[in-house]
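In case you want the letters, here they are:
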Amino acid sequence: MKTCFSILICLGLASIALGAPKKLPSYLQFCKRSDPNFDSCTVKLIENIRPQLAKGISQMQVPPLEPFVLPVLQVERDNEALQVTAILKNLKVKGASAFQINKLRTDIKNNLIELSVTLPHLDVTTDYDVKGRLLLVPLNGKGVFVSNITNTRADLKITGKAIEKRGTKYLEVTDVVTKVKVGDSKMDFLGGGKGNDLISSSSTQFIQQNRDQVMEIVNPLVEDTASAVVQQIANRILGSVPYDTILPP
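Thresholds, definitions, all that
Residues numbered from 1 in each chain as written. Predicted model: local features only at pLDDT ≥ 70, side-chain atom pairs only at ≥ 80, totals over all residues. Heavy atoms only, no water. Helix = DSSP H or I, 4+ residues; strand = E, 2+ residues; numbered from the N terminus. Buried < 20%, exposed > 50% of the residue type's maximum accessible area, 1.4 Å probe, protein only. Contact = heavy atoms within 4.5 Å. Areas by Shrake-Rupley, 256 points an atom, 1.4 Å probe, with all protein chains shown as cover. Core = buried A, V, L, I, M, F, W, Y, C linked by side-chain atoms within 4.5 Å. Disulfide = S-S within 2.5 Å. Pairing = 2+ DSSP bridges. Polar contact = N/O pair within 3.5 Å; in protein donor to acceptor, adjacent residues only side chain to side chain. Phe/Tyr/Trp six-rings, centres within 6.5 Å; stacked < 30°, edge-to-face > 60°. Lys NZ or Arg CZ within 6 Å of the ring centre and 35° of its normal.

Draft legend 1. Seen up close, the overall build of the chain. For the chain, the helix and strand inventory stands at 6 helices and 7 strands. For the chain, the α and β elements follow one another from N to C terminus as α-α-α-β-β-β-β-β-β-β-α-α-α. Looking at the chain as a whole, 48% of its 249 residues qualify as buried. Across the chain, every contact between residues at least 6 apart in sequence was considered, and the portion connecting residues at least 24 apart equals 70%. When the accessible surface of the chain is summed, it comes to about 12200 Å², and 50% of that surface belongs to carbon and sulfur atoms.

Draft legend 2. Here's a closer look at the nonpolar core. Counting 63 residues, the largest nonpolar core has L53 and I207 as the members making the most contacts within it. Of all the secondary-structure elements, those providing two or more residues to this core are helix 2 (38–48), strand 1 (68–78), strand 2 (82–94), strand 4 (112–134), strand 6 (141–165), strand 7 (168–190), helix 5 (211–238) and helix 6 (243–246). Sequence-distant contacts of I207, that is, excluding residues within four places in its chain, are made with L134, L139, M187, F189 and V214.

Draft legend 3. Fine view of the state of the cysteines. Tallied over the entire structure, the rule returns 1 disulfide. A sulfur-sulfur distance of 2.0 Å marks the disulfide that ties C31 to C41. A torsion of -90° about the S-S bond marks the disulfide between C31 and C41 as left-handed. Of this pair, C31 sits in the loop between helix 1 (4–18) and helix 2 while C41 sits in helix 2, placing them 10 residues apart in sequence. Assessed through its relative accessible area of 23%, C41 is described here as partly exposed.

Draft legend 4. Region of the structure containing the pairing of strand 7. Bridge count between strand 6 and strand 7: 21 bridges; the pairing is antiparallel. For R153, the partnering residue across the bridge sits in strand 7 and is K181. Between strand 6 and the antiparallel strand that follows it, strand 7, lie 2 residues; R166 among them carries a positive phi value of about 50°.

Draft legend 5. Up close: the pairing of strand 2. Bridging between strand 1 and strand 2 involves 10 bridges; their strand directions are antiparallel. By the bridge assignment for strand 2, Q74 is matched with I87. Here strand 1 folds back onto strand 2 in antiparallel fashion, the turn holding 3 residues.

Draft legend 6. Representation of unusual backbone geometry in the model. Cis geometry marks the peptide bond from E66 to P67, where omega comes out at -10°. With respect to the secondary-structure elements, P67 resides in the loop between helix 3 (50–55) and strand 1. Here the phi dihedral of N90 falls at roughly 50°; this positive angle occurs in a residue that is not glycine. Relative to the assigned elements, N90 resides in strand 2. Its identity is not glycine, yet N111 carries a phi of approximately 50°, on the positive side.

Draft legend 7. Main features of the side chain of S227. Inspection of the secondary structure assignment puts S227 in helix 5. At 3.2 Å, the side chain of S227 forms a polar contact with the backbone oxygen of V176. Excluding residues within four positions of it along the chain, S227 makes contact with V176, V177 and T178.

Draft legend 8. The arrangement of the packing of aromatic side chains in detail. If you walk through the whole model with that rule in mind, you get 0 aromatic pairs. The positively charged end of R50 is found above the aromatic ring belonging to F99, 4.2 Å away from the centroid. It is K165 that lies over the ring of Y170; its NZ or CZ is 4.5 Å from the centre.

What follows is the structure in structure tokens.
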């Protein structure tokens, strides 16, 4: 579940490749869609504005990446291996601005972006309230989740379409497919205050000792949750920005 936060960094990259506000900050000079080297131009732009990404770009509604904060996230899964309902609050991720771009490929004609990034190191903290089970292991409790994650690779395929609102053309994200692979991770479930019952030490020990098996079971939930969040926030960004501002001719 924790790796879905590392995926959210890709939203900032995707919004930069696809979107811009009506009045751009002076440091933003977007690549023309007619540029034959549009992809490499966009990668260069992202690298140039990395410091601004760390603190956020309010004109684009791009949230700060240091730290990246998500006030609340609810996730649910119900299958043979994993049955869980979790509410995560005050979720903070540090280290997201150090992303490394592996690949960026666009197909402007078909409103498609393929993006691959590596996040060398992430520190994640969140308040959790979890009920459910992993295989036969109970996952019930409240507290604070702390994790150190290294070498996370996130691959996204983002598809959109042009729509018309009030006579003006806009871009809308219609589908996001996310694939995640975590190199290594350490985690702990800490006390969350009086009255909170921690996830049992035996459950925590099982998760730590069977990390690969656990990640194989949890990864579909991570990827589906990340895709839904990316699509929702991306459309909030793009919904108020005309297409010709997003992709100048």
